[in-house]
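Secondary and tertiary structure notes
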Amino acid sequence: KQSFASKIPAAFQPLTNVGGKTYIAPITFTGIGAAYNETAMKAAGLTAPTTWTGLLSFCADAKAKGKTAFALAAATPWNTQLIPYALTPTLVYGPNPDFAQQMTAGKVTFANSNWTEALNKYSEMQKNGCFQPNDLGTVYADALNMVAKGTALASVQVNASAAMMQQGAPSGTTFKMETLPATDNASQTRMAGAAGSSYGVNAKSKNMAAALKLISYLASPEGTNLYATAGSSLPALPNATFKLDPSLAVIAQEQKAGKTDPFMDQLWPNAEVQQTMFDGLQKVLAGNESATDALKAMDASFAKGAK
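An account of the accompanying structure is given in this report. Everything numeric in this text was worked out from a predicted model, so none of it was measured.

1. Overview of the layout of surface pockets
By volume, the largest pocket is sized at about 510 Å³. Lining of the largest pocket is provided by 16 residues; of these, K1, Q2, T22, Y23 and L212 occupy positions nearest its centre. Elements that contribute at least two residues to the lining of the largest pocket include exactly β2 (21-22) and α9 (208-218). Residue classes in the lining of the largest pocket are distributed as 11 nonpolar, three polar and two charged. Taken together, 18 residues line the second largest pocket, and the ones lying closest to its centre are P97, Q101, D261, P262 and L267. Secondary structure elements with two or more residues in the lining of the second largest pocket: α5 (99-104) and β11 (260-261). At four residues, the largest contribution of residues to the lining of the second largest pocket is made by α5. Its residues placed into classes, the lining of the second largest pocket shows 13 nonpolar, three polar and two charged.

The structure is reproduced here in structure tokens:
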């Protein structure tokens, strides 16, 4: 019944609505894409790829310039998921918008879907030299520092990480988030975009009026703009008064065009699925497990349902 409820983008409604009713107010929007050091890119004479074939060529061109194309923090478990999360909107969730619901209904699985293609393309990036040597020994902070200093041209990250790169870069360095292509048809490319900070009110709250007043403020243009600016993100409920950081222009563009899909784990039934994925991805990158085996393990964790 709150005024913000009708403004929630359709892409968020699987996360905010149950049975046609809204239970959560999404305040910020965050995306996953390739964060490029534009200054280093210009110095290398390279541009961000828009197709999968172009991405592999970009990796080779960066290497020829003595640079790493994409810094990968595979020693930090949560960072291992970001490339699959950037690829699957184009390969899985865009072609089949009901995939998450079909997973819950037991009609599809990770292993028998284009998740397999996403993980195989992840391995292909590694085999084609897209990442730095010892990617499995690189932690998150070091990967960000590589891009900040320009030894790597980019890293696939959440947009808040781009802001952290900016803090560690020489004065005047500029950054920009871009989508990560997964096919050779640029028009198919989609982005993982999620509700970030979100709030709800306990139905039995003894301070209902005050709580709803707070939610109403947070969901207002003033509230969301303040929150998004402080958190280096975007408003979950778009409004014309937000002063967009130019580095996030592509995320805003994809959000407006409806070409985003929620972060995959936001619709999984338990936290074990993600932990199983972290373990499997590190094994895939180490060459100790196939994409299919890693996904079958995720299917087993998913099948356990809610805990």
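2. Here's the deal with the pairing of strand β8 (residues 191-195)
Counting buried positions over the five residues of β8 gives five, a clear majority of the element. Pairing of strand β4 (residues 28-37) with β8, which is carried by four bridges, proceeds in the antiparallel orientation. Each bridged residue has a counterpart across the sheet, and for F29 the counterpart in β8 is A195. By the bridge criterion, two bridges tie β8 to β11 in an arrangement that is parallel.

3. Remarks on the nonpolar core
Core analysis: the largest hydrophobic core is formed by 59 residues, its most contacted members being F70, W115 and W268. Broken down by element, this core gets its largest block of residues, eight residues, from helix α4 (residues 82-93).

4. Overview of empty space enclosed by the protein
Under the criterion given, the structure shown has one cavity of 30 Å³ or more. Space inside the largest cavity adds up to approximately 50 Å³. Every residue along the wall of the largest cavity is listed here: F70, A71, L72, A73, N79, L82, I83, F131, S155, V156 and Q157. Contributions of two or more residues to the lining of the largest cavity are made by α4 and β6 (152-158). In terms of residue count, β6 provides more of the lining of the largest cavity than any other element does, three residues in total. Grouping the constituent residues of the lining of the largest cavity by class yields eight nonpolar, three polar and no charged.

5. Notes on the pattern of salt bridges
Following the criterion strictly, the structure yields five salt bridges and no others. Note that K283 and D279 form a salt bridge whose closest N and O atoms lie 3.1 Å from each other. Pair noted here: K283 and D279 are both in helix α12 (residues 272-285), with a separation of four residues, about one helical turn.

6. Concerning the side chain of K121
Along the chain, K121 falls in helix α6 (residues 115-127). For K121, a relative accessible area of 11% gives the class buried. Within the structure, the side chain of K121 is placed 2.4 Å from the backbone oxygen of A182, a separation counted as a polar contact. Once residues within four sequence positions are removed from consideration, K121 is found in contact with W52, L87, L91, A182 and T183.

7. Quick word on the state of the cysteines
Per the counting criterion, the structure on display carries one disulfide. Two residues, C59 and C130, share a disulfide whose sulfurs are 2.1 Å apart. Handedness of the C59-C130 disulfide follows from its S-S torsion of about 105°: it is right-handed. Placement of C59 in helix α3 (residues 52-64) and of C130 in the loop between α6 and α7 (140-149) is noted, with a sequence separation of 71 residues between them. Residue classification places C59 among the buried positions, given a relative accessible area of 1%.

Parameters at a glance
Residues numbered from 1 in each chain as written. Predicted model: local features only at pLDDT ≥ 70, side-chain atom pairs only at ≥ 80, totals over all residues. Heavy atoms only, no water. 1 Å grid on protein atoms, 1.4 Å probe; cavity = no way out; pocket = protein on both sides within 12 Å on 5 of 7 lines; lining within 4 Å. Points joined across faces, edges and corners; volume = space filled by probe spheres on them. Helix = DSSP H or I, 4+ residues; strand = E, 2+ residues; numbered from the N terminus. Nonpolar A, V, L, I, M, F, W, Y, C, P; charged D, E, K, R; others polar. Buried < 20%, exposed > 50% of the residue type's maximum accessible area, 1.4 Å probe, protein only. Pairing = 2+ DSSP bridges. Core = buried A, V, L, I, M, F, W, Y, C linked by side-chain atoms within 4.5 Å. Salt bridge = Lys/Arg side-chain N within 4 Å of Asp/Glu carboxyl O. Polar contact = N/O pair within 3.5 Å; in protein donor to acceptor, adjacent residues only side chain to side chain. Contact = heavy atoms within 4.5 Å. Disulfide = S-S within 2.5 Å.

Purely geometric stuff here, so don't read any function into it on its own.
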